[in-house]
Amino acid sequence: MDLDVVSDNFAFMMGGLGLTVQLAVITIVCGLMLGTLLALARLSSRVWLYWPATAYIHFFRGLPLILVIFWLYFLFPVITGKPMQAFAAAIVSFIVFEAAYFAEIIRAGIQSIPEGQSMAARASGLTGYQTVRYVILPQALRNMVPALVTQSVVIFQDTSLAYVIGLREFLRRVNLVDAREARSVELYLFAGAVYFAICSAGSLASQRLEKRRERMSLA
Amino acid sequence: MIQIQHVSLWYDKTHKALDDVSESIRRGQTVVICGPSGSGKSSLLRCINGLERFQEGRVVVDGVSVRQPGTDIHKLRAEIGMVFQHFELYPHMTVMQNITLAPMRVRKMSRAVAEKKAMALLERVGIPEKASRFPEELSGGQKQRVAIARALAMEPKIMLFDEPTSALDPEMIKEVLDVMTDLAREGMTMVVVTHEMGFARGVADRIVFMSQAKIVETGTGSDFSSARKTKGPASFWNGS
Amino acid sequence: MGILNYTFDWSVLWRDPYGGMLVKGILTTLQLSLLAWLIALVLGLAVGLCRVLPLRFTRLVGGAYVQVFRNTPLLVQLFFWYFAAPLLLPKPAQAWLYDNVPNYAFWAGVVALGTYTASRVAEQFRAGLMAIPRDQYRAAYATGLTTVQVYRYVIAPFALRLILPPFTTEFLTCFKNSALAMTIGVMEVTHTAYYIDSFTWHGLETTTAASAVYLCIAACITAGMAFTEKRVRIPGMIVRR
Ligand SMILES: Nc1ncnc2c1ncn2[C@@H]1O[C@H](COP(=O)(O)OP(=O)(O)OP(=O)(O)O)[C@@H](O)[C@H]1O
Ligand SMILES: [Mg+2]
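Presented here is a report on the structure given in the accompanying data block.

Conventions adopted
Residues numbered from 1 in each chain as written. Chains lettered and ligands numbered in written order. Predicted model: local features only at pLDDT ≥ 70, side-chain atom pairs only at ≥ 80, totals over all residues. Heavy atoms only, no water. Pairing = 2+ DSSP bridges. Helix = DSSP H or I, 4+ residues; strand = E, 2+ residues; numbered from the N terminus. Axes fitted to C-alpha atoms, helices over the stretch in contact; angles between N-to-C directions. Contact = heavy atoms within 4.5 Å. Parallel < 35°, antiparallel > 145°, perpendicular 65-115°, else oblique. Left-handed = near helix turned anticlockwise from the far one by under 90°. Nonpolar A, V, L, I, M, F, W, Y, C, P; charged D, E, K, R; others polar. Phe/Tyr/Trp six-rings, centres within 6.5 Å; stacked < 30°, edge-to-face > 60°. Lys NZ or Arg CZ within 6 Å of the ring centre and 35° of its normal. Buried < 20%, exposed > 50% of the residue type's maximum accessible area, 1.4 Å probe, protein only.

**Here we look at the sheet that holds strand 7 (residues 158-162) of chain B**
All names here are of chain B.
- Spatially, six strands are ordered 6-7-8-3-9-10 in an open sheet, and the strand pairing comes out mixed. Each having just a single partner strand, strand 6 (80-83) and strand 10 (214-219) make up the two edges of the open sheet. With direction set aside, neighbouring strand axes in the sheet form an average angle of 20°.
- Examined bridge by bridge, strand 3 (residues 30-34) and strand 8 (residues 189-193) share four bridges and lie parallel to one another. Its bridge partner lying in strand 8, Val-32 is registered against Val-192.
- Packing of helix 6 (residues 170-185) onto the sheet brings it into contact with strand 3, strand 7 and strand 8, and relative to strand 8 it is tilted by some 145°.

This is the structure:
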């Protein structure tokens, strides 16, 4: 074990973490927005909303992310005639892919609220919008936040896949250093440790939120 | 029949669920335990058949000490029937399978004998026609009667009931209490945790009141009704 | 420019030698995910059990296992098993490995995917056991059954039904994750689809075909498991907490 290789290349490798975080944040924000729309469409009683959303979700949840990346990478030039930038290919495939997972979490959160709640709210004179806004959504959000945080941790890990189309994010840089220095044990343990530190924090937050949710739903 | 001597139970170092509890129950007696939620009623009941590993004291059932290394606890439990608040029927087995499991596996009874006996017990609790149903296809009262039949199938000398009616709708409570009353009349030794004061007054030889891990009062049914207006547990009676 | 300029050539899917490559890729994907699943099941059940046993030590070990494997990307784990693990072996063992295991990448993939999936299986298994109410155990013990009998007749049949659906999901996840093995050079179906592109420039067709393969296999497994679940289903059984 020789940790010099890690300290010598520390700045270079950690430099990739910026891109990793950037990828993750953009994916989470946009994925959440697209996911919410999909979830609402899936809960809708209008078939022309329900069926496309359902098909979309099943489609992307049935595929490996890495394949989706390639697929878009090949498809894009066919549609636009221009070759696709690696960054754009990565971000677009992450968003369309993760939105399908977010959508299911959000849908489950909304459906976890018993029907009696909305009936009670309507019975007290609230409008449909008010019912959703003040009664259903606050409860649903509380129910799904832990799962959303967990999924965000997964996304953070998934960004390492941008590696395959050559983006120089964190893991790619570790890989490059390894190609030059041939110190796989130290370097991959280091990479694992960095991801572990960040993801554990996320997982811990998710667990905390889950505990709090349980306490509140008991009260 | 049952001697409980200075039993103390901790769930963890700080949490004392039973605090030096002593009580003795003679053969054929029915004892009702009541008290507020969290006072240790269920814990005490579970000490009697060794489901709870109390740290101090002794429980002797029919001459056998529950927590002694040499005791065959499984054999002892086979002699003690237990009925739970949420029935705890095995959801993946039919009513018949629920009742015959322990007789066949513990008593090594043949299937034919066990099933014949189970049918007789189902007749007795009034639902022979449900033998091939799954638990979730029964009403709450029916489930609890099956649970009682399941316990009786082992021909226990003692029956323990942990709030057997508190998960039931009012109209079903009576059908379960009737079965229990019959059992008591036939001379079964019973320990019953319940808030059904009508049952307690009518059937119990003794009522034990628990609060904060201790037995705070003991008496007959009539004692309690007259103590109503005075101190102590009275507030609880009024409250319920 | 645009869609009109692209001529689809679907024959790339069956033309020699590409057709054969794709079939081989599909078989490799299946082999990889099934072998990994085997490891995941055995190891996952063991780790899950460790986490519910009333022993501090096993709980600690089980908990640490799950934390480590769930909080690092599968890709890093793959690289670790492929690039780093052999270096940790003594020299003669390394030499033996390089000489005698030509498809080491495949086995590194199996181990990485298996040990990673095990951490997820362990969590599902534990959740299944925890979903069984405590009084259910007590009711079984109260009739005099021994510990082995309690688990054999009451807990296991109950728990198995509870974990069947999540285990199906986990297997499908394992199946999809097997695509990551391409990064260490395993020629499974995703890699094959990408690889054919470099000869033919018809990657769109091959990746579309690979997608169809994943979706079809997943649909078959889902249907099969739904059938099994229906067969072992118990009328009206709902999970009470
Ligand atoms: N398995 C357990 N682990 C930790 N604490 C427990 C456990 N079972 C019970 N307790 C605690 O021990 C105390 C006594 O519990 P017990 O179930 O005996 O009360 P109870 O009188 O039966 O209450 P209830 O009327 O609510 O059933 C309670 O404070 C309870 O929270
Ligand atoms: Mg209780």
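**Describing the arrangement of the chains**
- The interface with the highest contact count, out of two pairs of chains in contact, is the one between chains A and C.
- With no contact formed, the shortest span from any C-alpha in chain A to any C-alpha in chain B equals 16 Å.

**A look at the packing of helix 1 (residues 18-52) of chain C against helix 2 (residues 56-70) of chain C**
Residues and elements named next belong to chain C.
- Close contact between helix 1 and helix 2 brings their axes to 7 Å; oriented N to C, the two are set at 130°. In terms of their interaxial angle, helix 1 and helix 2 are classed as oblique. Pair helix 1 / helix 2 crosses with left-handed handedness. Counting all contacts with helix 1, which are made through Leu-43, Val-47, Cys-50, Arg-51 and Val-52, the residues of helix 2 involved are Thr-58, Arg-59, Gly-62, Gly-63, Tyr-65 and Val-66.
- Looking at the contact of helix 1 with helix 2, its residues break down into six nonpolar, three polar and two charged.

**A short note on the packing of aromatic side chains**
- Under the counting rule described, the total for this entry stands at 27 aromatic pairs over all chains.
- Where Tyr-82 of chain C meets Phe-83 of chain C, the ring centres are 4.9 Å apart and the plane angle is 65°; that geometry is what we call edge-to-face.
- Over the face of the ring belonging to Phe-12 of chain A we find Arg-173 of chain A, whose NZ or CZ atom lies 4.9 Å from the ring centre.
- Across from the ring centre of Tyr-90 of chain B, 4.4 Å away, lies the NZ or CZ of Arg-150 of chain B, which sits over that ring.

**Quick look at the side chain of Thr-58 of chain C**
- One can find Thr-58 of chain C in helix 2.
- Look past the residues within four positions of Thr-58 of chain C in its chain and what remains in contact with it is Cys-50 and Leu-53 of chain C.

**Topic: unusual backbone geometry**
Residue and element names in this part refer to chain B.
- Of note, the phi angle at Asp-62 is positive, near 50°, even though the residue is not glycine.
- Checked against the element boundaries, Asp-62 lands in the loop between strand 4 (56-61) and strand 5 (64-65).
- Taking the relative accessible area as the measure of exposure, Asp-62 reaches 31% and is therefore partly exposed.
- In this structure, Ala-213 takes a positive phi of about 75° despite not being glycine.
- Classification of Ala-213 by relative accessible area gives buried; the value is 6%.

**Some words on the packing of helix 4 (residues 65-80) of chain A against helix 5 (residues 86-111) of chain A**
Residues and elements named next belong to chain A.
- Taken N-terminus to C-terminus, the directions of helix 4 and helix 5 make an angle of 125°; their axes are 9 Å apart at the nearest point. Looking at the two axes, helix 4 sits oblique to helix 5. Like other packed secondary-structure pairs, helix 4 and helix 5 cross with a definite hand, here right-handed. When helix 4 is examined against helix 5, the residues Leu-65, Val-68, Ile-69, Leu-72 and Tyr-73 are found in contact with a partner set consisting of Ala-89, Val-92, Ser-93, Phe-94, Val-96, Phe-97 and Glu-98.
- For the contact of helix 4 with helix 5, the residue count by class is 10 nonpolar, one polar and one charged.

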